[in-house]
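Residues per chain are reported as follows:
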There are 2 protein chains.
Amino acid sequence: MKAKIIITPKKAVLDPQGKTVQNALEHMGYSGIQGVHVGKYIEIDLAPGSDPETARQALEDASHRFLSNPIIEDFRLEIAD
Amino acid sequence: MKAKIIITPKKAVLDPQGKTVQNALEHMGYSGIQGVHVGKYIEIDLAPGSDPETARQALEDASHRFLSNPIIEDFRLEIAD
């Protein structure tokens, strides 16, 4: 079982990394790009047979407490088989 | 239209960030974690009406050329409405 956590800067927060990627793409001739957001991706391998609900709660708690910075970042958690 | 690029270290490459997160989770009492991989997440807003196939090709090229390091990283590209 796998858990995936995607952490992105909140829309209102400056995202210099995203801006840099957007500029780079434009300079290299890729057009039609309206915005780029750069975040973190964390993939967690869970022991087989773990209870998805317990895992979700534990990881939501961990994401909120120390994997993301809730002041400037949003996170999204998915649990998949 | 949005494109999402997920860049992860190849399995054979040391992932010290992942190892650190795994240790932190264990020390904080979260059990049943067998492995953690930390990567990058890039979300790209594409102009409405862009051709998905053209966008896919351009972004695959960009991912290969400069968004990821193909020697030590894998990338996964998804185009969604």
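Okay, so let's go over this structure. Bear in mind that the values here come from a model prediction, so they are computed numbers and not experimental data. (Residues numbered from 1 in each chain as written. Chains lettered and ligands numbered in written order. Predicted model: local features only at pLDDT ≥ 70, side-chain atom pairs only at ≥ 80, totals over all residues. Heavy atoms only, no water.)

1. Focus on the overall build of chain A
Moving on, step 1. For chain A, the count of helices and strands is two helices and three strands.
Moving on, step 2. Counted from the first residue to the last, chain A has its helices and strands arranged as β-α-β-α-β.
Moving on, step 3. The C-alpha atoms of chain A give 16 Å as radius of gyration, which overshoots the globular expectation for 81 residues (12 Å, by more than 25%).
Moving on, step 4. Seen through its principal axes, chain A has C-alpha atoms that stretch 50 × 25 × 15 Å.
Moving on, step 5. A buried classification covers 41% of the 81 residues belonging to chain A. (Helix = DSSP H or I, 4+ residues; strand = E, 2+ residues; numbered from the N terminus. Rg over C-alpha atoms; globule rule 2.2 N^0.38 Å. Buried < 20%, exposed > 50% of the residue type's maximum accessible area, 1.4 Å probe, protein only.)

2. Describing the relation of the copies chain A and chain B
Moving on, step 1. Once turned by 180° and shifted 0.0 Å along the axis, chain A lies on chain B with an RMSD of 0.0 Å. In short, the pair behaves as if placed about a two-fold rotation axis. In terms of proximity to the rotation axis, the leading residue of chain A is Lys40 of chain A, whose C-alpha is 2.3 Å off the axis.
Moving on, step 2. The residues that chain A uses at the interface reappear at the interface of chain B in 100% of cases, marking a shared surface. (Least-squares fit on C-alpha atoms with pLDDT ≥ 70 in both. Contact = heavy atoms within 4.5 Å.)

3. Regarding the sheet that holds strand S3 (residues 73-80) of chain A
Moving on, step 1. If you trace the six strands from one edge of the open sheet to the other, you get S3(A)-S1(A)-S2(A)-S2(B)-S1(B)-S3(B), paired in antiparallel fashion. Edge positions in the open sheet fall to S3 of chain A together with strand S3 (73-80) of chain B, since each of these has one partner strand only. Sheet twist, expressed as the average angle between the axes of neighbouring strands with direction ignored, equals 20°.
Moving on, step 2. The sheet contacts of helix H1 (residues 16-27) of chain B involve strand S2 (33-46) of chain A together with strand S2 (33-46) of chain B, and relative to S2 of chain B the element is tilted by about 120°.
Moving on, step 3. Against the sheet, helix H2 (residues 52-67) of chain B contacts strand S1 (2-9), S2 and S3 of chain B, and its axis sits at roughly 160° relative to S3 of chain B. (Pairing = 2+ DSSP bridges. Axes fitted to C-alpha atoms, helices over the stretch in contact; angles between N-to-C directions.)

4. Focus: H2 of chain B
Moving on, step 1. Helix length check: H2 of chain B (16 residues) gives 19 Å between terminal C-alpha atoms against 22 Å at 1.5 Å per residue, more than 12% under.
Moving on, step 2. Next to the buried residues of H2 of chain B lie helix H1 (16-27) of chain A together with S1, S2 and S3 of chain B. (Expected span 1.5 Å × (residues − 1).)

5. Regarding the interface of chain A and chain B
Moving on, step 1. Contact with chain A, which involves 33 residues of that partner, is made by 33 residues of chain B.
Moving on, step 2. Roughly 2,900 Å² is buried in total at the junction of chain A and chain B, and carbon and sulfur atoms are behind 61% of that figure.
Moving on, step 3. The tally of links between chain A and chain B comes to two salt bridges.
Moving on, step 4. The residue Glu43 of chain B makes a salt bridge to Lys11 of chain A at a minimum N-O spacing of 3.9 Å.
Moving on, step 5. At the junction of chain A with chain B, the criterion picks out 16 residue pairs in polar contact (both at pLDDT 80 or more).
Moving on, step 6. Listed by contribution, the elements that provide at least two residues to the side of chain A that touches chain B are strand S1 (2-9), H1, S2 and helix H2 (52-67) of chain A.
Moving on, step 7. When residues of the side of chain A that touches chain B are assigned to their parent elements, the largest contribution, 14 residues, is made by S2 of chain A.
Moving on, step 8. Partitioned by chemical class, the residues of the side of chain A that touches chain B number 19 nonpolar, six polar and eight charged.
Moving on, step 9. With 13 bridges connecting them, S2 of chain A and S2 of chain B associate as antiparallel partners. Its bridge partner lying in S2 of chain B, Gly35 of chain A is registered against Asp45 of chain B. (Buried area = accessible area lost by both parts, 1.4 Å probe. Salt bridge = Lys/Arg side-chain N within 4 Å of Asp/Glu carboxyl O. Polar contact = N/O pair within 3.5 Å; in protein donor to acceptor, adjacent residues only side chain to side chain. Nonpolar A, V, L, I, M, F, W, Y, C, P; charged D, E, K, R; others polar.)

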